[in-house]
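# Structural characterization, general
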Amino acid sequence: MILENLIGEKKPIKDLNPTVMGGLPVPHKSDEQKMIERGMESCAFKATLACVGGFVLGGAFGVFTAGIDTNVGFDPKDPMRTPTAREVLKDMGQRGMSYAKNFAIVGAMFSCTECIIESYRGKSDWKNAVYSGCVTGGVIGFRAGLKAGVLGCGGFAAFSAAIEYYLR
């Protein structure tokens, strides 16, 4: 008789509502919320976000490095002339824009390949970043030749593995 109430047909069905179990109630998501979540989890959104973030970070890094470089605004034709503030600011802006574009391209490539690899594998683990680093480094390095592509693949993959190990 006791067993029927514990494991038999007379066993009461427990309500798995979060409020009964002591958790906070979670409202159901509307169709608009689900659509926004799907959009933010898409590879295109992630690549765009990495591109914009890379552009901003690269620009800041470029302006910073130009600010501490002693050759900014320096004219090799007339080494004794002191550069004007306009020339220095122009060089800083050019370097900032150059760094911004490079960081944006690398960020978009890495993020997009990582998202595609993660979607293909169906797993979210450290291997996705390593594979993506290899693809990104290989493509960037391959412009200089096969050896540079292989070294770029290995270097980016190792860097991605180190970052994933540190962050996870």
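That block above? That's the structure.
All of these numbers come straight from a predicted model, not from anything done at the bench.

Take the packing of aromatic side chains next. Taken as a whole and assessed by the stated rule, the structure comprises 3 aromatic pairs. Judged by centre distance (5.7 Å) and plane angle (40 degrees), the ring pair of F61 and Y99 falls under tilted. Linking F61 in helix α3 (residues 43–68) with Y99 in helix α4 (residues 85–121), this pair joins segments that are 38 residues apart in sequence. For F61, a relative accessible area of 42% corresponds to the partly exposed category. Look at Y99 and you get partly exposed, because its relative accessible area is 26%. Relative to F103, the ring of Y99 lies with its centre 6.5 Å away and its plane at 15 degrees, an arrangement referred to as stacked. Linking Y99 with F103, this pair stays in helix α4, spanning 4 residues, or about one helical turn. Look at F103 and you get partly exposed, because its relative accessible area is 35%.

Parameters and conventions
- Residues numbered from 1 in each chain as written.
- Predicted model: local features only at pLDDT ≥ 70, side-chain atom pairs only at ≥ 80, totals over all residues.
- Heavy atoms only, no water.
- Phe/Tyr/Trp six-rings, centres within 6.5 Å; stacked < 30°, edge-to-face > 60°.
- Helix = DSSP H or I, 4+ residues; strand = E, 2+ residues; numbered from the N terminus.
- Buried < 20%, exposed > 50% of the residue type's maximum accessible area, 1.4 Å probe, protein only.

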